[in-house]
Amino acid sequence: MIEIKNLSKVFNTEEKKLNEVAALKDINLTINDGDIFGIIGMSGAGKSTLVRCMNMLERPTSGSVLIDGKDIGSFSSKELRALRSKIAMIFQGFNLLMQRTCLDNICFPLELRGIKKSIARKKAFELLETVGLPDKAQSFPSQLSGGQQQRIAIARALATEPKVLLCDEATSALDPKTTESILDLIKSINEKTGITVVVITHQMNVVEKICNKVAILDGGKIVEEGEVQKVFMHPKSETAKHLVIPDNAEGFDEKSFSKNKKVLRAVFNGKTSADSSLIALLAKEKNIMANIRYAATKSILNKAYGNMILELEDDEKIVKEAIDFFSENNVTVEVLN
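Residues numbered from 1 in each chain as written. Predicted model: local features only at pLDDT ≥ 70, side-chain atom pairs only at ≥ 80, totals over all residues. Heavy atoms only, no water.

Draft legend 1. Quick peek at the layout of surface pockets. Reported here for the largest pocket is a volume of approximately 660 Å³. Every element with two or more residues in the lining of the largest pocket is listed here: helix H2 (77-84), strand S6 (87-91), helix H3 (102-112) and helix H5 (146-158). Considering every element that reaches the lining of the largest pocket, the biggest residue donor is S6, with 5 residues. Looking at the lining of the largest pocket residue by residue, the classes come out as 13 nonpolar, 4 polar and 4 charged. (1 Å grid on protein atoms, 1.4 Å probe; cavity = no way out; pocket = protein on both sides within 12 Å on 5 of 7 lines; lining within 4 Å. Points joined across faces, edges and corners; volume = space filled by probe spheres on them. Helix = DSSP H or I, 4+ residues; strand = E, 2+ residues; numbered from the N terminus. Nonpolar A, V, L, I, M, F, W, Y, C, P; charged D, E, K, R; others polar.)

Structure (structure tokens):
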């Protein structure tokens, strides 16, 4: 278990206190063993600083980080080195050693621990199988695609059999299809090994895809946290609402809504088949016409996830009938005006 208690981090740009920058402000979080915990926020929210405090790459200004009940801020340098072998980290830029083969990259952390070469190579070959690249042992990182490089980085991170995997914007440099494959890999590793995963990202779809819990950062503070499904279905903070339904999304501008219309937000949370044409069925079965003003839905394992903003005739009976129809089809509806 990772417990973060009253953690703050202040950076001094100059000696004068007037130039202090508070990157994190009184952060409190609990990450349970086996969680895939998402930490999301816009650029500058403090996400990367927070994850670096979890393994003391950044020393917090105040507060504490406890792992399995032990305050790691009090650890000696030797104790921290041992701890970091159990808290692995992958990055947006992969951070592979370009002059080494993929096999040697995976062996590297084992070499640092003094593991016998034959044992390290055997482990590395097993990890290449795990990440789906058994044929890339003798390839160099420059010969691989971005997604393949990240798979090698994951294999290297797993070499020391860590209990925690920290992912700092690990898919931000990848295209959507490759991102999905990397997220599937991380989720599979979590399910097979029980490793705790902390995912730092600015992309809501990453959190939706694999995380069971999420904390939303804004201005160095946690503005919302909880189970992903609950936060996604009922965002309370303005930051969460912006992430779930971007203010600048085409068609989602309250000023553009038609007069004398009722506006609903339909939330698809994976309980409905992606093949269900609910808007068409609403018209066919209930004779209710809905104008889609904004839609951001996706299919994951043939289940629908996402949001739709709908305009209906401003009639109490019609609105109730539409809400009942969506509820019967396991879609949550919120009246926006």
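The rest of the description comes next.
Draft legend 2. Representation of H3. For H3, every residue scored as buried is listed here: Cys102, Leu103, Asn105, Ile106, Cys107, Pro109 and Leu110. Lining the buried residues of H3 we find helix H4 (117-130) and H5. Following H3 by one or two positions, glycine 114 has its phi on the positive side, about 80°. (Buried < 20%, exposed > 50% of the residue type's maximum accessible area, 1.4 Å probe, protein only. Contact = heavy atoms within 4.5 Å.)

Draft legend 3. Examining the environment of leucine 166 more closely. Within the fold, leucine 166 resides in strand S7 (residues 164-168). For leucine 166, a relative accessible area of 0% gives the class buried. Through-space distance from the C-alpha of leucine 166 to that of isoleucine 87 is 7.1 Å; in sequence the pair is 79 residues apart. Discounting residues that sit within four places of it in the chain, leucine 166 has contacts with Val51, Met54, Asn55, Ile87, Ala88, Met89, Ile90 and Val198.

Draft legend 4. Local environment of the side chain of glutamate 169. Looking at the secondary structure, you find glutamate 169 in the loop between S7 and helix H6 (176-193). By relative accessible area, which is 11% here, glutamate 169 ends up buried. Residue contacts for glutamate 169: discarding those within four places in its chain leaves Lys47, Phe91, Gln92, Ile200, Thr201 and His202.

Draft legend 5. Structural view of the nonpolar core. In terms of nonpolar packing, the biggest core is built from 51 residues, with Ile90, Ile106, Ile152, Ile154, Leu165, Ile186 and Val197 touching the most fellow members. Looking at which element gives the most residues to this core, the answer is H5, with 6 residues. Excluding residues that lie within four positions of it along the chain, valine 197 makes contacts with Asp35, Ile36, Phe37, Leu165, Cys167, Ile186 and Asn190. With 29 residues, the next largest nonpolar core counts Leu7, Leu83, Ile200 and Leu217 among its residues. (Core = buried A, V, L, I, M, F, W, Y, C linked by side-chain atoms within 4.5 Å.)

Draft legend 6. Representation of the environment of lysine 262 in the model. Position of lysine 262 among the secondary structure elements: in strand S11 (residues 261-273). Note on lysine 262: relative accessible area 21%, which makes it partly exposed. Sequence spacing of lysine 262 and asparagine 291 is 29 residues, and the spatial spacing of their C-alpha atoms is 10 Å. Non-local contacts of lysine 262, meaning those with residues more than four positions away in its chain, are made with Leu310, Glu311, Leu312, Glu313, Asp314, Val319, Val335 and Asn337.

Draft legend 7. Structural view of the state of the cysteines. This model, assessed by the stated rule, comprises 0 disulfides. Here cysteine 53 stays unpaired: no disulfide links it, and the sulfur of cysteine 167, its closest cysteine neighbor, is 17 Å away. As a non-bridged cysteine, cysteine 107 has cysteine 102 as the owner of its nearest cysteine sulfur, 11 Å distant. The class for cysteine 107 is buried, based on a relative accessible area of 2%. (Disulfide = S-S within 2.5 Å.)

Draft legend 8. A look at the sheet that holds S6. Taken together, the 6 strands give an open sheet; going across it, the order is S6-S7-S8-S3-S9-S10, and neighbouring strands pair in mixed fashion. Because the sheet does not close on itself, it has two edges, and the strands there are S6 and strand S10 (221-227). Strand-to-strand twist of the sheet, defined as the mean angle between neighbouring strand axes without regard to direction, takes the value 15°. Relative to S7, S6 is paired through 5 bridges, and the arrangement is parallel. Residue pairing in the sheet places phenylalanine 91 in a bridge with aspartate 168 of S7. In this fold H5 packs onto S6 and S7, with an angle of close to 170° to the strand it touches most, S6. (Pairing = 2+ DSSP bridges. Axes fitted to C-alpha atoms, helices over the stretch in contact; angles between N-to-C directions.)

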